[in-house]
Amino acid sequence: MTPLFTVAEIRTIEHAAAQRLPEGALMQRAGQAGANEALDLLPFTTSRARVLVLAGPGNNGGDALETAAHLAHAGAQVTILHFPPTSAPAAERDAALHRAVNSPARLMTLASAADGQAAMQGTDWTLVVDGLFGIGLARAITGEFAVLVATVNQLRCQVIALDVPSGLDADTGAIVGGDAGTALRATHTVTFIGDKPGLHTAEGRDHAGLVIPSSLDIDRDLFPPARAKLNDVALFAHCARRRRHSSHKGSNGSVAVVGGARGMAGAPILAARTALNAGAGRVYACFVGDPPAFDAAQPELMCRSAQEYDFNSAILVIGPGMGGSASGAEMLASALHSHSPVVLDADALNLVAGSGPLQTQLAQRSAPCILTPHPLEAARLLGMSADQVQADRPAAARRLASKLAATVVLKGSGTVIAARDGTIVINNTGNPALATAGAGDVLSGLCGALLAQGWPEWEAALAGAWLHGMAADVLVSEGAGPIGITASELIPAIRAAVNRLAAQHGS
Ligand SMILES: NC(=O)C1=CN([C@@H]2O[C@H](COP(=O)(O)OP(=O)(O)OC[C@H]3O[C@@H](n4cnc5c(N)ncnc54)[C@H](OP(=O)(O)O)[C@@H]3O)[C@@H](O)[C@H]2O)[C@@H](O)CC1
Ligand SMILES: Nc1ncnc2c1ncn2[C@@H]1O[C@H](COP(=O)(O)OP(=O)(O)O)[C@@H](O)[C@H]1O
Ligand SMILES: [K+]
């Protein structure tokens, strides 16, 4: 299980560890860890490798200087682009500079490079090591640093970021300084002391690449209990069940999807088909508009009018294609009045955002409740803009979970799942194949099916996000995407993932 630590927590751990260690030990270990990963990526004949190391003005630059010295001693052709500190440097950074200067690496500054950008672009680099900025970056990268980042982002070689890709906020995954800033795109990130939430959500996945945590051998007792984790089968596998021979459809629960205003019948159908294929015993598709007689491609679904459905008789997935009409709001209010566990998605969330009484009703329910907003739906619920939600996804998910007393699944790259008590899990399955209409309906149906089969709310949300992403990952690995995968295609892949989970972990 991978814990995720905020920058503040990392600083506290680092400070405590430094008290127990000789001066400079942590920076030396960070530099060694960076070099080890770099050596893994270099060709067997290290001497043929041309490595560009960017060493910024702070301690992240110190790590880079240590890495550069190791790689140069290992025989690689190392060029260091060094940005001297703007104020008195830490003693360990000075020592790192000394080691780099005394290594076979070539050290240059942007001013000393004959033509810095041209020299960089003109060389066929094997690898770039990004030690420009780490967790100390507090303002947008601009000027010559921004030009450098843009140049590296054009290169086609592998790029290892030390600690954090320069320009990325390690807490939130946003670009430091927003539109005024920029960030380097790495293929690998060796992150020090502990893994960090921002590497896995928002812009994080595009900039960090493969994340490799390195604890720097810091004593375990110096790490606080993690309030955030990466999603992992270990967090929910205990809820997986194999089917008993003696089971019958009633053993596997019922799901009713409520939505489908006129012209939007496809959304509840997608959610309902997913619920059925993810193992719910009986599935009803309840329409706010006129119900179709049946679903020709999935005639097992029972299509009903929402007005005539007894909301106490199934797990409810409310919102797909429901629209914002008065009759939709009425259905939502009576569904919330029931004692059934609910998954609220799409238009149900928009209706809640626009109604104080519905918010109160929701917050006061005692039955399980999962909300699956995308960033704009979360923004409406929080009274802010989608950009503000994306600027700090963990904080937004936490605030919503506490405000509406529900488990919140804030969707998007690096889906953030938040519990009422502030616990955060970031999902790292899934890929941009999911950026397609209806993928959210499929997720809500999947969460409903897990609740119907007896999963607790928290584990249903974790497993729902994980299985949904895993289905998309499998489809992409088979060559079917990411471009052009449709939400319907996810459904059989989800069924396969649910069965694999039950077979491997079910009791
Ligand atoms: N301490 C330890 O024990 C360990 C620390 N470790 C490593 O240290 C890293 C943190 O180091 P850090 O705190 O020095 O910050 P860092 O990320 O290098 O950036 C600050 C520098 O950048 C400058 N600067 C900032 N913004 C700028 C901008 N927009 N444009 C231009 N300049 C800008 C800023 O200058 P100033 O703001 O003072 O002008 C300052 O010089 C951490 O990520 C890890 O890699 C590991 O070795 C493990 C042990
Ligand atoms: N770029 C992406 N990377 C990973 N997952 C994504 C990405 N884009 C969308 N998704 C996922 O796909 C689903 C889209 O849901 P949503 O936006 O509600 O779509 P819709 O309303 O069309 O069904 C969510 O589960 C979301 O997390
Ligand atoms: K960096």
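Keep in mind that this is a model prediction, so the values were computed, not measured.

1. Thoughts on the overall build of the chain
Part 1 of the reasoning: A count of helical and extended segments in the chain gives 17 helices and 18 strands.
Part 2 of the reasoning: By the compact-globule yardstick of 23 Å for 507 residues, the chain fits well, its C-alpha radius of gyration being 26 Å.
Part 3 of the reasoning: Taking the principal axes of its C-alpha atoms as reference, the chain extends roughly 80 × 45 × 45 Å.
Part 4 of the reasoning: Counting over 507 residues, the chain shows a buried share of 54%.
Part 5 of the reasoning: When contacts within the chain are restricted to residue pairs at least 6 apart in sequence, long-range pairs at least 24 apart make up 75% of them.

2. Some points on the site of ligand 1
Part 1 of the reasoning: Neighbouring residues of ligand 1: 29 residues in total, closest Gly58, Asn59, Asn60, Gly134 and Gly136.
Part 2 of the reasoning: Looking at the shell around ligand 1, the elements that each hand over two or more residues are helix 1 (7–20), helix 2 (25–41) and helix 3 (59–73).
Part 3 of the reasoning: Considering each element in turn, the shell around ligand 1 owes the most residues, five residues, to helix 3.
Part 4 of the reasoning: A per-class count over the shell around ligand 1 returns 15 nonpolar, ten polar and four charged.

3. Quick notes on the sheet that holds strand 12 (residues 302–305)
Part 1 of the reasoning: Spatially, eleven strands are ordered 1-9-18-17-16-15-14-13-10-11-12 in an open sheet, and the strand pairing comes out mixed. Two strands in the sheet have a free side with no partner beyond their single neighbour: strand 1 (3–4) and strand 12.
Part 2 of the reasoning: Bridge count for strand 16 (residues 407–410) against strand 17 (residues 416–418) is three bridges, and the pairing is antiparallel. Counterpart to leucine 410 in the pairing with strand 17 is valine 416.

4. Details of the site of ligand 2
Part 1 of the reasoning: By nearness alone, 18 residues border ligand 2, and Lys411, Leu434, Ala435, Ala439 and Gly440 come closest of all.
Part 2 of the reasoning: In the shell around ligand 2, the residues fall into seven nonpolar, nine polar and two charged.

5. What about the domain arrangement of the chain?
By convention, interface size is frequently given as the accessible area that disappears when the constituent parts associate.
Part 1 of the reasoning: Partitioning the chain into domains gives domain 1 (3–225) and domain 2 (233–505).
Part 2 of the reasoning: Centre-to-centre separation of domain 1 and domain 2, based on C-alpha positions: 40 Å.
Part 3 of the reasoning: Of the residues lining the interface, ten residues belong to domain 1; the matching set on domain 2 comes to ten residues.
Part 4 of the reasoning: Within the side of domain 1 that touches domain 2, the residues separate by chemical class into four nonpolar, five polar and one charged.

6. What about the pairing of strand 11 (residues 282–287)?
Regular strands have side chains that alternate between both faces of the sheet.
Part 1 of the reasoning: Among the six residues of strand 11, five are classified as buried, and the element is accordingly described as predominantly covered.
Part 2 of the reasoning: Of the pairings in the sheet, the one linking strand 10 (residues 254–259) to strand 11 comprises six bridges and is parallel in character. By the bridge assignment, valine 255 is partnered in strand 11 with valine 283.
Part 3 of the reasoning: Running through helix 8 (residues 266–277), the crossover from strand 10 to the neighbouring parallel element strand 11 is right-handed.

7. Concerning the nonpolar core
Part 1 of the reasoning: Counting residues in hydrophobic clusters, the biggest one holds 172 residues, and the most contacted among them are Ala68, Val255 and Ala275.
Part 2 of the reasoning: Of all the elements, helix 16 (residues 457–477) adds the most residues to this core, at eleven residues.
Part 3 of the reasoning: Counting contributing residues per domain, this core is built from domain 1 (3–225) and domain 2 (233–505), each supplying no fewer than three.

8. Focus: the UniProt feature "binding site: K(+)" (unreviewed entry) in the chain
Part 1 of the reasoning: UniProt's feature table lists "binding site: K(+)" (unreviewed entry) at Asn60, Asp130 and Ser166, given in the numbering used throughout. Judged by maximum C-alpha separation, these annotated positions cover 107 residues in sequence but sit close together in space, the widest gap being only 9.4 Å.
Part 2 of the reasoning: The exposure class of asparagine 60 is buried, given the 27 C-beta atoms found within 10 Å.
Part 3 of the reasoning: Once you skip the residues sitting within four places of it in the chain, asparagine 60 turns out to touch Gly131, Leu132, Phe133, Gly134, Gly136, Leu162 and Asp163.
Part 4 of the reasoning: Tracing the backbone shows aspartate 130 in strand 5 (residues 127–131).
Part 5 of the reasoning: The exposure class assigned to aspartate 130 is buried, which follows from the 32 C-beta atoms found within 10 Å.
Part 6 of the reasoning: Look past the residues within four positions of aspartate 130 in its chain and what remains in contact with it is Leu54, Val159, Ile160, Ala161, Leu162, Pro165, Ser166, Leu184 and Ala186.

9. Re the confidence of the model for the chain
Detailed reading of predicted coordinates is not advised where the pLDDT is low.
Part 1 of the reasoning: Here the chain averages 96 in pLDDT, while 98% of its residues score no lower than 70.
Part 2 of the reasoning: On the interface metric, ipTM, the complex scores 0.94, and its pTM is 0.96.

10. A short note on the sheet that holds strand 3 (residues 77–82)
Across a sheet, paired strands are connected by hydrogen bonds in the backbone, their directions being either parallel or antiparallel.
Part 1 of the reasoning: Spatially, the seven strands line up as an open sheet ordered 4-3-2-5-6-7-8, and their pairing is parallel. Of all strands in the sheet, those bounded by a partner on one side alone are strand 4 (106–108) and strand 8 (210–214). Taken pair by pair, the neighbouring strands of this sheet meet at an average axis angle of 20°, ignoring direction.
Part 2 of the reasoning: The pairing of strand 3 with strand 4 spans three bridges and is classified as parallel. Following the sheet pairing, leucine 81 is matched in strand 4 by methionine 108.

Analysis parameters
- Residues numbered from 1 in each chain as written.
- Chains lettered and ligands numbered in written order.
- Predicted model: local features only at pLDDT ≥ 70, side-chain atom pairs only at ≥ 80, totals over all residues.
- Helix = DSSP H or I, 4+ residues; strand = E, 2+ residues; numbered from the N terminus.
- Rg over C-alpha atoms; globule rule 2.2 N^0.38 Å.
- Buried ≥ 20, exposed ≤ 12 C-beta atoms within 10 Å, placed from the backbone.
- Contact = placed C-beta atoms within 7 Å.
- Near = placed C-beta within 6 Å.
- Nonpolar A, V, L, I, M, F, W, Y, C, P; charged D, E, K, R; others polar.
- Pairing = 2+ DSSP bridges.
- Domains from an automatic or database assignment.
- Right-handed = clockwise from strand over helix to strand, strands pointing away.
- Core = buried A, V, L, I, M, F, W, Y, C linked by C-beta atoms within 7 Å.
- UniProt positions renumbered as here; feature names shortened; annotations may be inferred.
- pLDDT = per-residue confidence, 0-100.
- Axes fitted to C-alpha atoms, helices over the stretch in contact; angles between N-to-C directions.

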